[in-house]
Amino acid sequence: MKKLIALAALALALAACSSQGSATAQFDDQGQSDISCMRHQEQTPGEEYFDEGNWDTVVSLSILRYYTSNGTKPYCDGKTATEADQGWRELYVRMGAERNNLR
């Protein structure tokens, strides 16, 4: 039982250390559902997202999948991309994706 408690404490400590360096802005991939229009992103990606050394595989794949599948769809409110949207779209292209996948 003591080993289990010690192992759990170590796991929590490691999780706390790794989460401190994570990016602050959150990308909304709309639950990876099949959508007919895109919602605007609420947060602009911080500079940490543009540093390849900080790229998180799960987050990166989510961004790539979202814009590859939906990037040419209109925004649900009929407006153009906001500053926050433009930031995520620029990150998408910086990751090596094709700009022509974006509207």
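Here the structure is shown first, and the text comes after it.
The rules behind these values
- Residues numbered from 1 in each chain as written.
- Predicted model: local features only at pLDDT ≥ 70, side-chain atom pairs only at ≥ 80, totals over all residues.
- Heavy atoms only, no water.
- Salt bridge = Lys/Arg side-chain N within 4 Å of Asp/Glu carboxyl O.
- Helix = DSSP H or I, 4+ residues; strand = E, 2+ residues; numbered from the N terminus.
- Buried < 20%, exposed > 50% of the residue type's maximum accessible area, 1.4 Å probe, protein only.
- Disulfide = S-S within 2.5 Å.

**Some details on the pattern of salt bridges**
In step 1: Applying the stated criterion across every chain, the model contains two salt bridges.
In step 2: Of the charged contacts, one joins R39 and D28 as a salt bridge, the two residues approaching to 3.1 Å between their closest N and O atoms. Taken together, the positions of R39 in the loop between α1 (2-20) and α2 (57-70) and D28 in the loop between α1 and α2 put the pair eleven residues apart, joining distant regions of the chain.
In step 3: Overall, the relative accessible area of 42% leaves R39 in the partly exposed class.
In step 4: The class for D28 is partly exposed, based on a relative accessible area of 27%.
In step 5: Among the salt bridges present, the one from E90 reaches R99, with a minimum N-O distance of 3.5 Å.

**Re the state of the cysteines**
Put plainly, two cysteines are in a disulfide when a covalent bond ties their sulfur atoms together.
In step 1: Overall, the coordinates contain one disulfide when judged by the stated rule.
In step 2: The disulfide partner of C37 is C76, and the gap between their sulfur atoms is 2.0 Å. Classification of the bridge connecting C37 and C76 rests on its S-S torsion, roughly 95°, and on that basis the disulfide is right-handed. Highlighted residues: C37 in the loop between α1 and α2 and C76 in the loop between α2 and α3 (83-94), separated in sequence by 39 residues.

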